[in-house]
Amino acid sequence: MSYQLLSVDKEGLATSPGLKERNYMGLSDCSSVDSSTIPNVDKKSSLNFKATELRLGLPESSQSPQRETDYRLLSPRTPDEKLLFPLLPCKDHASGNKRGYLAKSGSNNAPAAKAQVVGWPPIRSYRKNTMASSTSKNTNEVGLGPLFVKVSMDGAPYLRKVDLRTYTCYQHLSSALEKMFSCFTLGQCGLHGAHGRERMSEVKLKDLLHGSEFVLTYEDKDGDWMLVGDVPWEIFTESCRKLKIMKGSDSIGLAPSAVEKSKNKD
Amino acid sequence: MDLRLPSKVLEHILSFVDSNEDRNSVSLVCKSWFETERRTRKRVIVRNCYAVTPEAVARRFPEMRSLTLKGKPHFADYNLVPDGWGGYAWPWIEAMAEKCPSLEELRLKRMVVTDECLEKIAASFKDFKVLVLTSCEGFSTDGLAAIAVACSNLRELELRECIVEDLGGDWLSYFPETLTSLVSLDFSCLDSEVKLSDLERLVSRSPNLKSLKLNRAVSLDALGSLLRLAPQLVELGTGSFSDKLDQEAVSKLSQAFSEMKELKSLSGLWDVLPEYIPLLYSVCPGLTSLNLSYATVQMPDLLELLTRCSNLQKLWVMDLIEDKGLEVVASSCKELRELRVFPSGAEGLNDTNVAMTEQGLVSVSEGCPNLESVLYFCVQFTNAAMVTIARNRPNLKCFRLCVMEPFAPDHKTQKPLDEGFKAIVERCKDLQRLSVSGLLTDKAFEYIGTHGKKLRMLSIAFAGDSDLMLHHLLSGCESLNKLEIRDCPFGDTALVANAAKLETMRSLWMSSCCVSFGACKLLSQKMPKLNVEVIDEHPLETRPDSSPVERIYIYRTLAGPRLDMPEFVWTIQKNPEIGVSHLAIK
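About the criteria used
In every chain, residue numbers begin from 1 and rise along the written sequence. To read the labels, note that chains go from A and ligands from 1, taken in the order they are written. Only residues with pLDDT of at least 70 are given local features in this predicted model, and only at 80 or more are side-chain atom pairs given and counted; all residues enter the totals for whole chains, interfaces and linings. Side-chain measures here rest on the full set of heavy atoms in the structure, leaving out hydrogens and waters. Secondary structure elements are taken from DSSP: a helix is a run of H or I of four residues or more, a strand is a run of E of two residues or more, and numbering for both begins at the N terminus. Here the term buried applies to any residue with accessible area under 20% of the maximum for its type, exposed to any over 50%, and partly exposed to those in between, with areas from a 1.4 Å probe on protein chains only. The criterion used for residue contact is that any of the two residues' heavy atoms lie within 4.5 Å. pLDDT measures how confident the predictor is about each residue, on a scale from 0 to 100. Throughout, nonpolar core names a set of buried Ala, Val, Leu, Ile, Met, Phe, Trp, Tyr and Cys residues whose side chains join them through atoms within 4.5 Å. For two strands to count as paired, DSSP must find a minimum of two bridges between them. For a crossover, the right-handed case is the one in which the path from the first strand over the helix to the second runs clockwise, viewed with the strands pointing away from the viewer. Salt-bridge detection follows one rule: a side-chain nitrogen of Lys or Arg within 4 Å of a carboxyl oxygen of Asp or Glu.

With that out of the way, let us pick up the overall build of chain A. Helix and strand counts for chain A come out as five helices and seven strands. Looking at chain A as a whole, 46% of its 266 residues qualify as buried. For chain A, the share of sequence-separated contacts (at least 6 apart) that also reach a separation of at least 24 residues comes to 54%.

This paragraph deals with the confidence of the model for chain A. Residues and elements named next belong to chain A. Mean pLDDT over chain A stands at 53; residues scoring 70 or higher make up 31%. This stretch, residues 1-114, has a pLDDT under 50; its non-local contacts, to residues over four places away or in other chains, come to 231 contacts. Low pLDDT (under 50) marks residues 138-144, which in the prediction has three contacts with non-local residues, meaning those over four places away or in another chain.

The amide bond that connects tryptophan 120 of chain A to the next residue, proline 121 of chain A, takes the cis arrangement and shows omega of -5°. Mapping proline 121 of chain A onto the fold places it in the loop between strand S2 (97-98) and helix H2 (125-138). For the bond running from methionine 299 of chain B to proline 300 of chain B, omega is 0°, close enough to zero to count as cis. For proline 300 of chain B, the location among the structural elements is in the loop between strand S12 (289-291) and helix H11 (303-307). Unusually for a residue other than glycine, asparagine 79 of chain B sits at a positive phi of about 65°.

Within the largest apolar cluster, 211 residues are counted, with the highest numbers of intra-cluster contacts made by Phe257, Phe399, Ile460 and Leu483 of chain B. Excluding residues within four positions of it along the chain, isoleucine 460 of chain B makes contact with Phe75, Val436, Phe445, Met469, Leu473, Leu483, Glu484, Ile485, Arg486 and Cys488 of chain B.

Within a regular strand, side chains alternate between the sheet's two faces. Residue and element names in this part refer to chain B. Of all the five residues making up strand S14 (residues 338-342), four are buried; the element is thus mostly covered by neighbouring parts of the structure. Here strand S13 (residues 314-318) runs beside S14; their pairing, made up of five bridges, is parallel. Counterpart to leucine 315 in the pairing with S14 is leucine 339. This β-α-β element, S13 to helix H12 (residues 322-332) to S14, shows right-handed connectivity. Of the strand pairs in this sheet, S14 and strand S15 (residues 373-378) are connected by four bridges, and their pairing is parallel. The residue bridging valine 341 from the neighbouring strand is tyrosine 376, located in S15.

The subject of this paragraph is the pattern of salt bridges. Residue and element names in this part refer to chain B. Applying the stated criterion across every chain, the model contains 37 salt bridges over all chains. Between glutamate 105 and arginine 155 there is a salt bridge whose closest N-O contact spans 3.8 Å. Taken as a pair, glutamate 105 in strand S3 (residues 105-109) and arginine 155 in the loop between helix H7 (141-150) and strand S6 (156-160) lie far apart in primary sequence, 50 residues in all. Judged by its relative accessible area of 28%, arginine 155 is partly exposed. Each of the salt bridges in this network shares a partner with another, and the network as a whole consists of Glu63, Arg65, Glu104, Asp127 and Lys129.

Right, here's the structure in full:
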């Protein structure tokens with residue numbers, strides 16, 4: 001069995017010894033299967049309908065089933081699409097879009113950037129968060145452990161946590177939040193059935209944020225609620241305790257130096 | 001002559017039938033048995049909240065007193081299910097409030113529970129007694145206050161590893177002075193400090209209190225006074241075990257522990273300092289369950305503790321225990337049934353530099369004849385070790401091995417771990433749950449398909465070479481109920497060829513595999529009793545049939561397509577105009 005190496009974004013690969021990329025698109029030589037290997041995905045090709053013929057039904061025998069499907073991947077992801085969640089496509093420039101298992105969580109501030117795979121090893125978030133706060137309690141070094149803050153949004157049924165260390169600037173953070181909470185603004189939670197929100201198709205959180213329907217605020221060390229974006233990023237990460245996406249109307253009166261604490265009420 | 005058993009007699013007989021499996025069989029005998037059974041069933045368990053509607057359940061079991069629900073798929077625990085996917089408790093609570101107001105117990109796992117839900121529970125169920133939330137999220141401590149203040153007969157309130165918006169510790173103070181029925185309280189996952197005096201008063205007016213699991217914010221000093229108020233505890237989860245106490249406080253605490261004659265289960269022990277471990281010696285011989293998985297204590301400080309736990313049946317630790325510690329477990333804990341070893345490194349991978357290898361598990365398999373359930377995180381493993389473990393412990397029911405480095409081969413022979421897992425499935429004929437890891441080829445799955453006849457749940461990551469892997473599993477594992485797969489290089493052929501199998505299973509999860517959109521559509525069309533959900537956070541503008549999907553979650557259901565799908569979940573119902581003209585079906 002031979003394994004091919006993908007070429008991967010080098011920064012994603014970093015210093016993890018022993019992690020090998022695998023090419024999942026069938027380029028490895030599977031001796032146990034009939035020899036119709038999947039051809040190299042090298043360019044956009046038209047849909048081969050016959051090749052997508054699928055069969056339904058139990059196989060006749062335990063022999064290797066005929067590999068009759070011939071899949072070519074189309075439409076590589078647009079290069080500038082920001083993917084801050086699960087997988088980032090590993091671009092193999094010679095052969096279109098293949099998927100590797102390496103994922104990135106935004107850009108990593110940690111000094112020895114390790115390739116981080118989402119959800120691996122399979123440890124519950126609760127345990128991860130708990131152990132993380134254990135280790136940061138035990139270290140005297142500032143800024144190496146993750147920095148989790150809770151993010152809530154007016155009208156969203158529940159809150160999220162983000163690790164501020166995984167972002168380098170406000171832009172990153174805001175894109176990530178946009179992705180995280182877009183499902184709420186689009187009213188798709190269908191949470192309470194009949195009295196769910198109206199669906200706002202095509203409207204993105206970003207537009208809402210820029211149209212000032214929602215603003216991003218944070219609670220600092222002193223318990224004051226401030227608008228995000230006015231202090232340098234480093235100072236922000238040090239003083240931010242909580243984030244909140246508020247309705248614009250609720251944030252009237254909040255200025256960069258405002259000291260009014262807004263109530264977090266449903 | 002009417003040979004039918006009078007329903008009153010049948011009812012009486014059924015009152016002795018507790019197992020739902022048996023009751024399900026009873027309900028299949030004939031219509032009248034179905035009717036009698038359904039009207040007498042008190043405890044209802046729905047393991048996939050989307051498999052059936054709340055209304056249907058309420059209609060069928062009007063005398064329901066206890067409802068257990070599970071929502072999100074298991075891989076949600078590892079952040080593989082995007083937020084907003086679903087699993088909402090509200091529709092169930094609303095339906096039960098209307099149709100089963102005598103409901104007393106609610107146990108929810110991996111569901112989204114809001115404060116509104118909790119308020120509704122508090123307002124609707126007059127005799128509400130038990131609320132257990134496991135891995136749930138969406139509510140705040142305000143919701144807890146609502147439960148505390150209104151449920152005057154509350155017996156159990158347990159929050160197990162929930163993500164709660166913690167607005168402070170006042171919620172505890174809402175338990176009225178008249179509440180004396182508390183049997184179990186678990187708030188270990190909350191951050192905020194509760195008022196100690198309120199907690200003490202609550203404990204002292206709860207003579208039936210058997211289980212108390214504190215959060216980290218409860219200090220060691222506070223623990224002492226609580227233990228003195230509740231020496232009858234059977235289960236204890238301590239708070240932080242690291243304050244600096246003076247000599248007098250230490251000896252008082254030691255005294256308090258030694259008074260606890262009933263204690264069987266111990267957990268918490270956050271940040272435990274080695275010098276406090278001797279405080280626990282007096283309770284060790286009575287312990288059947290010990291959870292040290294948050295106790296960052298190293299060897300050899302653990303040794304004395306472990307040697308004293310001769311009756312231990314369940315042990316959860318971190319890999320700080322090392323091979324040496326597991327050897328001590330093997331020689332001291334002869335009653336051990338369940339062992340879980342978690343990684344101590346913050347990221348798990350490449351962070352561990354502890355001396356724990358496959359040898360630790362081998363020792364335990366040799367020394368503990370009743371060992372039947374294993375969860376073991378390890379950096380690397382060998383086939384030989386698994387062969388030995390299988391030989392030692394053919395009675396294994398649950399074997400979850402997580403070799404943390406993806407694709408790691410046998411570190412001695414550099415071969416895939418196929419032979420090791422083969423030994424496990426071949427020897428352990430009663431194996432019901434298996435998680436595989438490390439370097440695995442299709443052969444491993446051929447073995448699993450051939451031998452894993454009792455296997456109900458299987459978890460796979462970064463494994464296999466081709467569709468054959470999935471095909472072996474779906475066609476071979478007769479008892480397969482839940483299959484979850486991530487990052488494996490196959491999809492359509494095996495899935496489509498074994499579509500009928502999917503109706504015999506509770507669910508199938510595949511993420512980062514090579515399942516095409518076309519296959520999903522085909523499956524949806526051909527298998528109307530399944531919900532086929534394509535979960536794509538980054539869908540392409542147009543979705544050609546050959547494009548791979550990020551995640552697919554398939555489950556059987558009587559409820560049809562669900563109504564609360566977010567935008568990133570696609571099912572065929574969303575696109576009724578998709579035709580089959582270009583897909584040949586045989």
